[in-house]
Each structure stands twice: as C-alpha cells, then as structure tokens.
Amino acid sequence: MRITSTSCICPVLVCLCFVQRCYATAHHGSIKVTRNQTKHVEGETEVHHRPKRGWVWNQFFVLEEHMGPDPQYVGKLHSNSDKGDGSVKYILTGEGAGTIFVIDDTTGDIHSTKSLDREKKTHYVLHAQAIDRRTNKPLEPESEFIIKVQDINDNAPKFTDGPYIVTVPEMSDMGTSVLQVTATDADDPTYGNSARVVYSILQGQPYFSVDPKTGVIRTALHNMDREAREHYSVVIQAKDMAGQVGGLSGSTTVNITLTDVNDNPPRFPQKHYQLYVPESAQVGSAVGKIKANDADTGSNADMKYTIINGDGSGVFSISTDKETREGIISLKKPLNYEKKKSYSLNIEGANTHLDFRFSHLGPFKDVTMLKISVGDVDEPPVFTLPSYVMDVSENAKIGTVVGTVTAQDPDSANNVVRYLIDHHTEEDTYFTIEANTGTLKTAKVFDREEISWYNITVTASEMDSPGLLSHIPVGIKILDVNDNPPELAGDYDVVVCENAKPGQMIQTISATDRDDSANGQRFRFSLDSSLPLNPNFTLKDNEDNTASILTRRRRFSRTIQDVYYLPVVLSDGGIPSLSSSATLMIRVCACDREGRVRTCSAEAFLSSAGLSTGALIAILLCVVILLAFLTDFLSRISPPAIVVLFITLRRSKKEPLIISEEDVRENVVTYDDEGGGEEDTEAFDITALRNPSAAEELKYRRDVRPEVKPVLRHPTSSSLDTIDVQEFIKQRLAEADLDPSVPPYDSLQTYAYEGQRSEAGSISSLDSATTHSDQDYNYLGDWGPEFKKLAEIYGEIESERTT
C-alpha cells in the first residue's frame, strides 16, 4: 500500500524478530524502521531509491537445534492497512513455508515448527503478502524477506586426514618440524567462539610438542636415537570455544617413525678369525665368509670388504654380498699343501655411504685378522698344459704319431699316471693313446675336405688311486695336402654374338679348389695343347685366378653352326701341382648393335625371317581359291583358245639370268640351290689364295662342324714361296673333293689374287677398305634396317683402320 499525500499515517514497524528474549533485547531493541532506510544489525546504512511502501519488514532470526515442546516464535508481520478488525489476511510462501514456518493469517505471527540445523541450511528465503480477506485482492505487493538460522556450538572439531603416519630423521635438532595437523569445526566461525580451535598434546611428551594455534608438531628433545627407540605414537587434541571449559573437542593419532642416518660405524665381533681350506678347493670357489656388524639399516649399513695386507693377498680375494652384507672369501690361485700350509689376511670392512655430520663418531671402518690353514688331500694328476693343440696331415697312414700329453701326480708320493681317451662320440675312436706315455696316434686316414678339426678329451689317473681323474681337452687340426684339382667355379653359359669382332671378350671364367687357400689357390688357365689351334676362340689368363675367352674371327652364323666347344685346362699352384680339364659350350646368338642378346635359337631365326602361322594359313587359302577360280575359268573356254594361249607363251622371249659376260663382278658366287645369302661367302676363306703362306693356319672349313679330321698336306715353306697359283688351286680342289667331312658343294668363286711379287699391287676393290679415306660412314646406321648390313661392314672397316 502506498501512502498518498492526503494520508497522514505515521510509519509503522513492519517486522519484529524475537529469537530469544535476551537476544531480542540486546540486538533488536535499537532497530528503528523508517520509510526510506533500513538499519541493519551490523550498523550499515543502505539507501533505497524506490517508491514508498505501506509496510516493510526486516530480517528474521531463528535459533538452531530448538528442542522445546512449543513452536519457536520467529517474528511478526504487520501492515498499516490492518485496522485490527480481521479484514487483512497474511500469506507466507517460499522455502519451508507451510512445513517449517507457519504464519497466523490474522495476526501475522510467524513460528518455526521444526528443529533446524544451521550446518545443513543457513537461511531461508520467503515471500509475504497482505490481501483483503473478503475480496482476496492484494493490499500490498508481494515482498521477499530472509530467515537466518542462528548458530549454537553443537559441532566438535574433527581431523579429516587422521590418523597420520610420518617420519623424521634420527639425531634431528630440537624443534625440527614433523607435521602440521588441521582440525575443522562445522560451526559458524563468524559467530562467537564456536569454531575457534586450540591444539594440545595428550600423548607423546616429552619427545614432541604441538603449537596450540597452528597445530605444527615439533621434536622436543635433542639427538633422538633410532637404535634406542624407533616408533612413537602421539595423540593431538583440538578443542573449540578457544579451549574454554564447555568447549567441544576431537583428537587424532600421529604415528612417528625415526628414519636411520649413518651414525654407527661397522664393528667386527672378533679381532681374530681362523679358516680351514683343503688344497683341493677349486679356483674361483668361495671358501669362507666374514661379517662386520652395523647398527644402521639400509644404505647406511652398506659396506665394502678389502684385503689390506697379508701373505695371502695374492692367493685369496674377498667380495661383498649386497644382500647379507657379508664378505665372501674366494680362491684366486690353486693351493698346494706341500708348498705352503697357511696364510694370513688383514680384512677391512668400511661403510660406503658416509654422513659427514657424524664424522666425529668415526672412523666408520674396522679391521680384523684372518688366518687360513691349508688341508692336505690326495689330488688327481695335473697336466703340464691347460689344453693341447696338435696337427696331423691328411692322408697320413694309420698309426701316425700326432703328439703327446703329459700329467704328473702333484702329491709327494708321485704315483705312476695312466692315460686314456674318453669315448663319448664317434670322433673319439679315430685316435688311440698309449696308456703309459700319453702318445696319441691316428686310427684312420683323414680327409681335410670332409672334417678339418677334431676335439677329444684325454683322462689321466693315478695307478694307486684310479678314482682320482683329471681331464684335458685336445684339439687336433688336419693339415691340408694338395690332393684336389681345381674346377670351374660354375656352369658358365657362354654366348657369342653373330656380329662379334676379332679379339672381343665374350666371357670371364674363374676356378675353385677344395684344398686350403694356403696350398694351391693360384690358378692358371690354358687351352689343351694336344689339340690343334682353335680358329674360332682363344683363352687369355688374367693372372688373377680368372681367364677371359676371346674371339679369333668375326661374324658367326647360327644357321651354319649354333654351338662351339672349347676345351680348357685348369691347374693350381700347389706342390705337387694338379690340373683338370673342362669343356665350355659356346652358343651363337643374334644380338643388337649394343651387344644385347635377342635370340639364340636357329629355328627362331628361320621363323622370324619367314611368316607367322596365321599368315601361312591365309596364303594357302588364297592359293586354293585361285586354283578353284582358274579351274572354273579353264572349264568355260574352248580348247582352241587354250592352244592359242600356249603358243603365245612359248613365243615370249626369255630373259637371261646373267646380263652380259662383260659384266664382270668380283667375288660372284652362283649356287644351284638357295643358300643362306651373303653369309655363305664365309664358308670359304679367300685369305689363303691371297697369301698362300697363310694356308698353314687353316684347319677346318667353318661352315660345318667336322666329325672326322681331314688329312691335310703341309707343304714346306720353300715350296710355298715357289708354288704356282694354278697348281695350288688344283691341290685344294682335290683335297676338298676327297674330304669326307663336308658335303660336295657346287660353287664358283672368283678370287682377286694377282701373284705374290706383283710390283703394281692389286687393282681389286676388295682391298679398298685398307686405303685411307676421310669418308665417315656412321650415318649409314640412321638409314634404317635396309642399310643395317652395309653399316656393319663399313663400321668394322673403320674400326679396324683406326686400330
């Protein structure tokens, strides 16, 4: 309700808060409410710039944990529209309205019907409204107010992280901080002393103390020794109300452990020790233990044992067992009772991790003396060497002496020693040993290429004590003898191109030898000297254990001969030198200009020059069709017409095959059958006619492979100089007719030989390739396949001239 200008109603108190009579008197008796400002409990003044209202309210308070039988009075709402006649009705809504808080709709009195807990909910927001009871229309706008729950001391302090486990180093200074504990109180810290906590120690004095305000626990004594007492249980109490009487309290336990520091030096329990060790103890074995005590733990008790002096420092050694912290005494050298019966050692045990804060408690090491007595035992024989290595040549006869092993009795009795071989494997049966002397001999003939090394074990025992045995390993190396000839390193696939040139390398071969590399791994290569000189291929020894196969001539033909065989002799450099022979198969293949192989089959060459199967079938079909057509044509014409056609064909002039007898051409070859073309000229070597003295090198015709060697007559050098050309040709013609290794070829060859002593020289163009010319024929290779053969001929001529 708003106050108008005609109204002269004074401002009224809208809200009254009665928590307790004393509290209301103390806190609310001084509250004054005006229209434009509200004075709060804290004394702050807040100016509200808003329209004036007809009724106002203040903040209400209600005491928590109310246990009375009647509802707790909270406060009263009153509007200036209320004349006391019951026409105004008060309505309360919001948090807890109707369940926790109830209002008298006539008087406006508010009561709390339940016990409240401030720690669960600190305040409630509600809305109040005054309406006309008869019309249910609001007399005032709805407004919001707060009911705060007033705190009481109903919660004891609690240690949320307890109980605690903590450590502190021993020997710490007094006042060393150990741990800070913190207790929490759920009461309102802004009201009174309900949440003000004070700490105190209930158990753990006089060793520890606690700061009453911060809860920091500290040591209360100097030099607390872990070895005297290690664990402490300290009880800390936290009390609210600043520790006053009536305050609530809570406690926790702090378990404190003193951690170790290196404040105790090691100590040997005795100053003198004795140890018995038999002379049969093995080198490297542990023969005794010794230990120094250290009251510390962990790494502070780690120590290292050393032998600082004594006559046994070279015979014995000591190491430290990190788990047991014991000194392990081991034997470094064999003991011999007959030579020395006792040893003395000074052993020191020292800490490895020192704390210099406690160096005044040292030194952190101790020394003791150890006397070692050597016991006499009956020992097995001892070999003069720890192992034996012997050798014997392969192919040695059975019974050949390999070597001798020697053992002696180390005792003073010096008993007789006997020897034997442990027969565990088959290899042990390949040798024998003389029982009294220890001499090893062969029992079989050895081949180094099968097995080059043998390992056996020889046992020695005393004659009087056969149970005492000693074993020694014996390695026997089989020495190499040059008994294996060399062989080719592999199966070589040798290929020669049809367009190969003289002196061209076509394959490199190498050899292997099963013998040792130190005996015969220097190989030599050669051709079989018992055979005639090979006109096609030769062999060059590269003197690096390899050889190269070279051609002797140019232009090989698959159609004439597709395979050649070249016998090769291989010899090694051993003593004595051994040799073997092998035959290389050389295949003739077609290659391109760069020397890459295209094909090596003669059948493939012929098929490539001809037609494919499909083309042949098509030609045959065409021939059949033509024959059918011709037959049909002849059947339709009359016989007189056929006669006229025949006479006309007979009168046609036949062209001669040779244009003119005056058309003389050099090197013209005429065959009655179809040959292989210009390659057939290679079947005859005309160099013999140009120079009769070169006929000595001609062994075979190159067009076929002879099965029977022809018998050639070799004229003397004097007859070669005086022989007549006509007579020479007749002799060669007779030899060719009588040669059973070749078929009878019908051929005509025109040679350009003019005699050996012609001063004018030859005027034939066959030797024109030897004349100097500046013409470059390399462009012929760019003219296509039709000029391929011409390009190869002039290319070879140019290459030979340059060479």
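Please read these numbers as outputs of a predicted model, since none were measured by experiment.

### Section: the overall build of the protein chain
Working step 1: The helix and strand inventory of the protein chain stands at 8 helices and 42 strands.
Working step 2: The long-range fraction of contacts in the protein chain, counting pairs at least 24 apart against all pairs at least 6 apart in sequence, stands at 67%.
Working step 3: On the protein chain, roughly 48700 Å² of surface is accessible, and the fraction owed to carbon and sulfur atoms is 53%.

### Here we look at the nonpolar core
Working step 1: Grouped together as the largest cluster of nonpolar side chains are 24 residues, with contacts concentrated most on Phe383, Val405, Tyr419, Phe431, Leu440, Val474 and Ile476.
Working step 2: With residues near it in sequence (within four places) discarded, Ile476 still touches Met390, Val392, Val402, Phe431, Ser452, Trp453, Tyr454 and Ile456.
Working step 3: Ranked by size, the runner-up nonpolar core spans 22 residues in total, among them Phe268, Leu275, Phe316 and Leu370.

### Here's the deal with the sheet that holds strand β18 (residues 272-278)
Two pairing modes exist for strands in a sheet, parallel and antiparallel, and in both the strands are linked by backbone hydrogen bonds.
Working step 1: One open sheet accounts for 4 strands, arranged β18-β24-β23-β20; its pairing is mixed. Unpaired on one side and paired on the other, β18 and β20 (303-309) mark the two borders of the sheet. Ignoring strand direction, the axes of neighbouring strands in this sheet form an average angle of 30 degrees.
Working step 2: Relative to strand β24 (residues 365-375), β18 is paired through 7 bridges, and the arrangement is parallel. Directly across from Pro278, in β24, lies its bridge partner Gly375.

### As for the pattern of salt bridges
Working step 1: Following the criterion strictly, the structure yields 19 salt bridges and no others.
Working step 2: With its nearest N and O atoms 3.8 Å apart, the salt bridge here joins Arg133 to Asp105. Of this pair, Arg133 sits in the loop between β9 (123-132) and β10 (143-150) while Asp105 sits in the loop between β7 (101-103) and β8 (109-112), and the two are 28 residues apart along the sequence.
Working step 3: On the basis of relative accessible area, Asp105 is assigned to the partly exposed category, the value being 26%.
Working step 4: Among the salt bridges present, the one from Glu227 reaches Arg226, with a minimum N-O distance of 2.8 Å.

### Brief notes about the environment of Val416
Working step 1: Following the sequence through the fold, Val416 ends up in the loop between β28 (407-408) and β29 (417-421).
Working step 2: Taking the C-alpha atoms as reference points, Val416 and Ser461, 45 residues apart in sequence, are found 8.5 Å from one another.
Working step 3: Residues within four places of Val416 in sequence aside, it is in contact with Ser461, Glu462 and Met463.

### Describing the state of the cysteines
Working step 1: Tallied over the full model, the rule gives 2 disulfides.
Working step 2: The residue that forms a disulfide with Cys497 is Cys591, at a sulfur-sulfur distance of 2.0 Å. Across the disulfide from Cys497 to Cys591, rotation about the S-S bond amounts to roughly -80 degrees, and the bridge is consequently left-handed. Residue Cys497 is located in strand β35 (residues 494-497), and its partner Cys591 is located in strand β41 (residues 579-591); the two are separated by 94 residues in the primary sequence.
Working step 3: Here Cys497 falls in the buried class, since its relative accessible area comes to 10%.
Working step 4: Between Cys589 and Cys600 runs a disulfide, and the two sulfur atoms are separated by 1.7 Å.

### Focus on the side chain of Thr368
Working step 1: Relative to the helices and strands, Thr368 is located in strand β24.
Working step 2: Residue class for Thr368 comes out buried when judged on its relative accessible area of 2%.
Working step 3: A distance of 3.0 Å separates a polar side-chain atom of Thr368 from the backbone oxygen of Gln270.
Working step 4: Each residue touching Thr368, except ones within four places of it in the same chain, is listed here: Phe268, Gln270, Lys271, His272, Tyr273, Ile290, Leu345, Asn346 and Ile347.

### A short note on the pairing of strand β36 (residues 505-512)
Working step 1: Examined bridge by bridge, strand β34 (residues 487-488) and β36 share 2 bridges and lie antiparallel to one another. Considered in β36, the bridge of Glu487 is made with Thr512.
Working step 2: As paired strands, β36 and strand β39 (residues 546-551) are joined by 5 bridges and run antiparallel to one another. Bridging from a neighbouring strand, Ile509 pairs with Ala547 of β39.

### Some remarks on the side chain of Asn346
Working step 1: Note on placement: Asn346 falls in strand β23 (residues 342-351).
Working step 2: Every residue in contact with Asn346, bar those within four places of it in the chain, is listed here: Thr306, Ile307, Ile308, Asn309, Thr368 and Met369.

### Observations regarding the packing of aromatic side chains
Working step 1: Applying the stated criterion to the full structure yields 15 aromatic pairs.
Working step 2: Consider the rings of Phe60 and Phe145, whose centres lie 5.4 Å apart with planes at 80 degrees: the pair is edge-to-face. Taken together, the residues Phe60 in strand β4 (residues 60-63) and Phe145 in strand β10 connect sequence positions 85 residues apart.
Working step 3: Ring pairing ties together the aromatic residues Tyr430, Phe431, Phe446 and Tyr454, which thus form one cluster.
Working step 4: In this structure, Lys341 is placed above the aromatic ring of Tyr337, and the distance from its NZ or CZ to the ring centre is 4.8 Å.
Working step 5: The side chain of Lys444 reaches across the aromatic face of Tyr430, ending 4.4 Å from its centre.

### Notes on the confidence of the model for the protein chain
Fine structural detail should not be taken from predicted coordinates in areas where pLDDT scores are low.
Working step 1: Of all residues in the protein chain, 74% attain a pLDDT of 70 or more, and the chain-wide mean is 77.
Working step 2: The low-confidence segment residues 692-712, where pLDDT is below 50, has 43 contacts with residues more than four positions distant or belonging to other chains.
Working step 3: Counting contacts from residues 716-720, a segment whose pLDDT is below 50, to residues more than four positions away or on other chains yields 3 contacts.

### Brief notes about the sheet that holds β34
Working step 1: Pairing is antiparallel across the open sheet formed by 4 strands, whose spatial order is β34-β36-β39-β38. Edge positions in the sheet fall to β34 and β38 (537-541), since each of these pairs with one other strand and no more.

### Some points on unusual backbone geometry
Working step 1: Omega for the peptide link from Gly162 to Pro163 comes to -5 degrees, which places this bond in the cis form.
Working step 2: Along the polypeptide, Pro163 turns up in the loop between β10 and β11 (164-169).
Working step 3: In this model, Gln205 is joined to Pro206 through a cis peptide bond whose omega is 5 degrees.
Working step 4: Of note, Asn136 is a non-glycine position whose phi angle comes to about 60 degrees, a positive value.
Working step 5: With respect to the helices and strands, the residue Asn136 is situated in the loop between β9 and β10.
Working step 6: The phi dihedral of Arg325 falls on the positive side, at around 60 degrees, and the residue is not glycine.
Working step 7: If you trace the backbone, Arg325 turns up in the loop between β21 (316-321) and β22 (326-331).

### Focus on a nonpolar patch on the surface
Working step 1: A grouping of Leu616, Ile619, Val623 and Leu627 is seen on the molecular surface, where their side chains present a nonpolar patch of about 340 Å² in accessible area.
Working step 2: Among the structural elements, Leu616 can be located in helix α3 (residues 613-636).

### As for the environment of Asn223
Working step 1: Position of Asn223 among the secondary structure elements: in the loop between β15 (216-219) and β16 (231-239).
Working step 2: Once the C-alpha coordinates of Asn223 and Asp173 are considered, the two residues, 50 residues apart in sequence, prove to be 6.5 Å apart.
Working step 3: In contact with Asn223, other than residues within four places in its own chain, are Met171 and Ser172.

Rules of the game
Residues numbered from 1 in each chain as written. Predicted model: local features only at pLDDT ≥ 70, side-chain atom pairs only at ≥ 80, totals over all residues. Heavy atoms only, no water. Helix = DSSP H or I, 4+ residues; strand = E, 2+ residues; numbered from the N terminus. Contact = heavy atoms within 4.5 Å. Areas by Shrake-Rupley, 256 points an atom, 1.4 Å probe, with all protein chains shown as cover. Core = buried A, V, L, I, M, F, W, Y, C linked by side-chain atoms within 4.5 Å. Buried < 20%, exposed > 50% of the residue type's maximum accessible area, 1.4 Å probe, protein only. Pairing = 2+ DSSP bridges. Axes fitted to C-alpha atoms, helices over the stretch in contact; angles between N-to-C directions. Salt bridge = Lys/Arg side-chain N within 4 Å of Asp/Glu carboxyl O. Disulfide = S-S within 2.5 Å. Polar contact = N/O pair within 3.5 Å; in protein donor to acceptor, adjacent residues only side chain to side chain. Phe/Tyr/Trp six-rings, centres within 6.5 Å; stacked < 30°, edge-to-face > 60°. Lys NZ or Arg CZ within 6 Å of the ring centre and 35° of its normal. pLDDT = per-residue confidence, 0-100. Patch = residues over 30% accessible without salt bridge, like charges linked within 9 Å, V, L, I, M, F, W, Y side chains within 5 Å.

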